[in-house]
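Okay, here's what each chain looks like letter by letter:
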Amino acid sequence: MRWPHRIWPRYGEMAKPLAGVIRFMLVVLAIGWACGVALATHATANNTVSALRLGPIQIDQQAGVRVVIETSRPMQANLSLLRQPYRLVIDMPDTDWDGSALPARGVLPVAPASQYRYGKSASGVGRLVIELDRPAAPVRVFPLEPRAGGHRFVVDLIDRGETAFLVAAAALDKNPDINDRAERTTSADQEAGTVSLT
């Protein structure tokens, strides 16, 4: 069977407009990709750490430290505990550090906390590491309503020994999300006695 010769010219006529449509679609996709890369590169985080404060506390007649993290929005974070040296790690997705108000690393004036540092991964997760000179673990975690500044998140740390530290570390490994652990409180005087690092 022979192919009808008159069909082929019709395909040739259709190829020119089809090539134009394909070319237009490729240009639109390239522009969309370039805009997406530019937005991702210049996008700012949804949250910013603007202050870090510490203060001594007493819980059940044991001395500890209160860490208050102030942010522009309510904080979403995961907590974990690490050893050698002892550290509290707070991972905060999509969070920047306000370097104009607070250095990204420094010494902490209230034991058992000794130093802090902040860094950000390529995926946008901000990490605050608080180094501890003893095996102190979180015993209370709660948000405070904003007052003159921003939203505040409070972590109370007490040294109850190595075993308590390991138990707390294992519990945080299983469920690091602070929103599942946070006590709700609106008391403005919960932050009394803290020392600002800003």
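Scroll up for the structure.
Residues numbered from 1 in each chain as written. Predicted model: local features only at pLDDT ≥ 70, side-chain atom pairs only at ≥ 80, totals over all residues. Heavy atoms only, no water.

## A word on the packing of aromatic side chains
Okay, step 1: Under the criterion given, the structure shown has 3 aromatic pairs.
Okay, step 2: An angle of 25 degrees between the planes, with centres 4.6 Å apart, marks the rings of Trp 97 and Tyr 118 as stacked. Pair noted here: Trp 97 is in strand 5 (residues 95-97) and Tyr 118 is in strand 7 (residues 113-120), with a separation of 21 residues, a long-range link. By the burial criterion, Trp 97 is buried, and Tyr 118 matches it. (Phe/Tyr/Trp six-rings, centres within 6.5 Å; stacked < 30°, edge-to-face > 60°. Helix = DSSP H or I, 4+ residues; strand = E, 2+ residues; numbered from the N terminus. Buried < 20%, exposed > 50% of the residue type's maximum accessible area, 1.4 Å probe, protein only.)

## Things to note about the pattern of salt bridges
Okay, step 1: Counted according to the given criterion, the structure contains 10 salt bridges.
Okay, step 2: Two residues, Glu 162 and Arg 83, come together in a salt bridge whose shortest N-O distance is 3.1 Å. Here the residue Glu 162 occupies a position in helix 2 (residues 162-174), and Arg 83 occupies one in the loop between strand 3 (78-82) and strand 4 (86-93), the gap between them amounting to 79 residues.
Okay, step 3: A residue is classified by how much of its surface remains accessible, and Glu 162, at 27% relative accessible area, is partly exposed.
Okay, step 4: Across the salt bridge formed by Arg 140 and Asp 156, the nearest N and O atoms sit 2.9 Å from each other. One end of the pair, Arg 140, is in strand 9 (residues 136-144); the other, Asp 156, is in strand 10 (residues 151-159), and 16 residues separate them in sequence.
Okay, step 5: One salt-bridge network, held together by shared partners, links Arg 66, Arg 140 and Asp 156. (Salt bridge = Lys/Arg side-chain N within 4 Å of Asp/Glu carboxyl O.)

## Some points on the sheet that holds strand 4
Okay, step 1: Pairing within the open sheet is antiparallel, and its 5 strands lie in the order 3-4-8-7-6. Sheet topology places strand 3 and strand 6 (105-107) at the edges, where each strand pairs with a single neighbour. For this sheet, the mean inter-axis angle between neighbouring strands, taken without regard to orientation, is 15 degrees.
Okay, step 2: Across 7 bridges, strand 7 lies against strand 8 (residues 125-132) in antiparallel orientation. Within the sheet, the bridge partner assigned to Tyr 118 lies in strand 8 and is Leu 128.
Okay, step 3: Lying over the sheet, helix 2 contacts strand 3 and strand 4, oriented at roughly 140 degrees with respect to strand 3. (Pairing = 2+ DSSP bridges. Axes fitted to C-alpha atoms, helices over the stretch in contact; angles between N-to-C directions. Contact = heavy atoms within 4.5 Å.)

## Regarding the pairing of strand 1 (residues 47-59)
Okay, step 1: Bridge count between strand 1 and strand 5: 3 bridges; the pairing is parallel. By the bridge assignment for strand 5, Val 49 is matched with Trp 97.

## Quick notes on the pairing of strand 3
Okay, step 1: Relative to strand 4, strand 3 runs antiparallel, the two being bridged by 5 bridges. By the bridge assignment for strand 4, Leu 82 is matched with Arg 87.
Okay, step 2: Connecting strand 3 to the antiparallel partner strand 4 that follows it, the hairpin turn spans 3 residues, and Gln 84 within it adopts a positive phi of roughly 55 degrees.

## Some points on the side chain of Arg 152
Okay, step 1: Tracing the backbone shows Arg 152 in strand 10.
Okay, step 2: On the accessibility criterion, Arg 152 (4% relative accessible area) is buried.
Okay, step 3: There is a polar contact of 2.5 Å between the side chain of Arg 152 and the backbone oxygen of Glu 145. (Polar contact = N/O pair within 3.5 Å; in protein donor to acceptor, adjacent residues only side chain to side chain.)

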